[in-house]
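Structural description and commentary
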Amino acid sequence: MAQNQSDLYLGLDLSTQQLKYTVINHDHDIIAEAAVHFDRDLPEFHTTNGAIAEGDVVTSPTLMWVKAIDILLERLSKNTDIKIENIKGISGAGQQHGSVYWNKEGLETLASLDVSRTLEDQLQGAFSVKQSPIWQDASTTSQCRSLENLVGGPQGLADLTGSKGYERFTGNQIAKLYEQNPSAYDATARISLVSSFIASVLLGQLAPVDVADGSGMNMMDIHTHKWIPSILEHCGGKDLQKKLESEPVEGGTNLGAINSYFVTRYGFSSECTIAPFTGDNPATLVSMNLEQGDCVVSLGTSDTMLMYLPEANPTTESHLMSHPTNPEAYMGMLCYKNGSLTREKIRDEYAEGDWTTFNNLLHQAPPGLSNGCNRRGYYYYMQEIIPFAKGFHRFENDIAVDEFTGTKEEVASYNVRAIVESQFLSMKVRTSRMLDTHGKSSDASHLKRILATGGAASNPNLLQVLSNVFNIPVYKKQGMNSASLGGALLAKFAVRRLHGYSGTFEQMMEDEQRDKVAHQLVAEPQAEYTEVYNDLVEGFVRLEQVVIANTQ
Ligand SMILES: Nc1ncnc2c1ncn2[C@@H]1O[C@H](COP(=O)(O)OP(=O)(O)OP(=O)(O)O)[C@@H](O)[C@H]1O
Ligand SMILES: O=C(CO)[C@@H](O)[C@H](O)CO
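Here the residue numbers are simple positions, counted from 1 along each chain's written sequence. Chains and ligands are labelled by the order in which they are written, letters from A for the one and numbers from 1 for the other. Reporting of local features is limited, given that this is a predicted model, to residues whose pLDDT is at least 70; pairs of side-chain atoms are given and counted only at 80 or more, and all residues count toward the totals for whole chains, interfaces and linings. Side-chain figures throughout are based on the complete set of non-hydrogen atoms in the structure, without hydrogens or water.

Going by the annotation in an unreviewed UniProt entry, the name recorded for the protein chain is Xylulose kinase, with Umbelopsis ramanniana AG given as the source organism. UniProt positions are given in the numbering used here, feature names are shortened, and annotations may be inferred rather than shown by experiment. Comment text from UniProt for the protein chain, heading Sequence similarities (unreviewed entry), reads "Belongs to the FGGY kinase family."

What follows is the structure in structure tokens.
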């Protein structure tokens, strides 16, 4: 099968609030994008922002994701801009860390799907755990400490797997199931990540975990990309190796052709290749085509900061993940649970639920929030990851207050500015700590640009504050769905390799991307404000320590 100008590549992203698709052509132009929104399109699953939270336990109905695949593919097959038979490869991404528990019957059904029935109809009984734990879960602290103790503490676990023990990381979620629900664990034949779950559905059999997403499990050796047997046994007994089936695979691998169900039901080509699906953050990195000195800030449901790292220097404050396309390299990451949803809380409480009002209030408060009184706010609606803190905390001249003082409008504007500034200051402080650790070996110690993405990157007012806090320009790329775009590019890379291409992913991007001026400048640092933020760092860190101490 030769390369053809009419060839198309499909990327899917099963993120927190929606399942999205992006279709690209040979030149990487975006031909179509669409999404199924879980709360709006699938209200029968009763999710809020795609999830069901019961205290620290946060899950999503696995069957909701299955139904979303039915609906998305139906919409794709009806899109007249796309010839579905021209799609040569499919890859994509999933929200990281979440897990899916297949029972034996479920895998058998998957291997023999009936083309006259929907996936939802056929896979109702396929899962031994019906609610998949997702990345917002914070209920496995004891499993985290136990795993760290096994390997000599938090730094020991980070040295082995790239991260210390984190509640949302899949190994700790599996350990909780193993301990607390042995019958469901025993009824589990195989375990998928959210990413490898979608690949499995498309293949009609269990798909392996990809190395970049595998590094979000606390169970994979970050250097060799293999499972660590002693950790597997600790988290899930002797059976866990079997339940994972195979070792993680590198991005761009060909996993096989799409299941005939999708060929007959939707008109895919029987030669359409399925490539490993990765995590949404690694897929975002892939889509960004980084140059030296770039980092990515993704403002989605979670806020994340991503960067390319040539060497492994794991820390207990950031994540080190395997790079999605370069087996020798790494991705550094910071992840905040209180991203868009916590900004929405403040918008709803102080800005009438409207982003324009939110933006107006942002401009009313002085940058740095001083103006005769030093105000500071820390907003953790959900249990935060970094720092490990919870609740809303406000200070005036270093004294904790329940609410800022001022008129109703002033109070509203202080809260709006305080949340935006404190979220970006936290990122700045931790980015420079990560760069200090990697400084000796990394060009990243000289950050030159931020490439912004995610739903909230559509708001230029936020990006202006981001630029001022970091004192570097912020750029954006065409198309809002960077993880599904990254998936489409990974699909193309796998197809090209299947047909003999021996170059790297980066070479493919260099040689075959038509639009070279892909990033647009959206905000530049404003000199009068950047100094303000430099001066704030020390006080920000000091009061954050008070917040952490108060929420232990
Ligand atoms: N104008 C705006 N200003 C600020 N935030 C916005 C704006 N428009 C959308 N958002 C935020 O974008 C969020 C959705 O982002 P996105 O579509 O990237 O989510 P997602 O893909 O489900 O998340 P994730 O990738 O973290 O799983 C919404 O929760 C919303 O708060
Ligand atoms: O937990 C993380 C990353 O570690 C989130 O960013 C999810 O991937 C959802 O987007």
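Having seen the model, we can carry on.
At a minimum axis separation of 7 Å, helix H14 (residues 280-288) and helix H19 (residues 482-498) run at an interaxial angle of 70 degrees. When the interaxial angle is binned, H14 and H19 end up roughly perpendicular. Along its contact with H14, which presents Asp280, Ala283, Thr284, Val286, Ser287 and Met288, the element H19 presents Ser482, Ala483, Leu485, Gly486, Gly487, Leu489 and Leu490. Ten residues, namely Ala, Val, Leu, Ile, Met, Phe, Trp, Tyr, Cys and Pro, are considered nonpolar, four, namely Asp, Glu, Lys and Arg, are considered charged, and the remaining ones, Gly among them, are considered polar. Considering only residue class, the contact of H14 with H19 consists of seven nonpolar, five polar and one charged. Between N-to-C directions, angles cover 0 to 180 degrees, with each direction set by a line fitted to C-alpha atoms, over the stretch in contact for helices. Helix and strand assignments follow DSSP, with helices taken as H or I runs no shorter than four residues and strands as E runs no shorter than two, numbered in order from the N terminus. In this scheme, roughly parallel covers angles under 35 degrees and roughly antiparallel covers those over 145, while 65 to 115 is roughly perpendicular and the rest are oblique. The contact definition used throughout considers only heavy atoms, calling two residues in contact when any of these lie within 4.5 Å.

Another aspect to go through is helix H9 (residues 194-203). In terms of burial, H9 is a largely internal element, 10 of the 10 residues being buried. By the burial criterion, the buried members of H9 are Val194, Ser195, Ser196, Phe197, Ile198, Ala199, Ser200, Val201, Leu202 and Leu203. The first or second residue beyond H9 is glycine 204, which carries a positive phi of 80 degrees. Each residue's exposure class comes from its accessible area (1.4 Å probe, protein chains only) as a fraction of the maximum for that residue type: buried when under 20%, exposed when over 50%, partly exposed otherwise.

This part covers unusual backbone geometry. Among all residues save glycine, negative phi is the norm, and among peptide bonds the norm is trans. Looking along the chain, the bond that leaves isoleucine 386 and enters proline 387 is cis, with omega of -5 degrees. Position of proline 387 relative to the elements: it lies in the loop between strand S17 (375-380) and strand S18 (391-396). Unlike most non-glycine residues, glutamate 245 shows phi in positive territory, near 70 degrees. Its identity is not glycine, yet leucine 369 carries a phi of approximately 60 degrees, on the positive side. Among the secondary structure elements, leucine 369 is positioned in the loop between helix H16 (355-364) and S17.

A word on the pattern of salt bridges. Should a side-chain nitrogen of Lys or Arg be within 4 Å of a carboxyl oxygen of Asp or Glu, the pair is scored as a salt bridge. Per the counting criterion, the structure on display carries 23 salt bridges. A salt bridge links glutamate 120 to lysine 67; the shortest N-O distance between them is 3.9 Å. Of this pair, glutamate 120 sits in helix H4 (residues 119-123) while lysine 67 is found in helix H2 (residues 62-78), placing the two residues 53 residues apart along the sequence. With a shortest N-O distance of 3.3 Å, glutamate 108 and lysine 104 are connected by a salt bridge. Of this pair, glutamate 108 and lysine 104 are both found in helix H3 (residues 104-111), four residues apart, which corresponds to roughly one turn of the helix. Residue classification places glutamate 108 among the partly exposed positions, given a relative accessible area of 43%. Residue lysine 104 is classed as exposed on the basis of its relative accessible area of 52%. One network of salt bridges, with partners in common, ties together Glu317, Arg430, Arg433 and Glu544.

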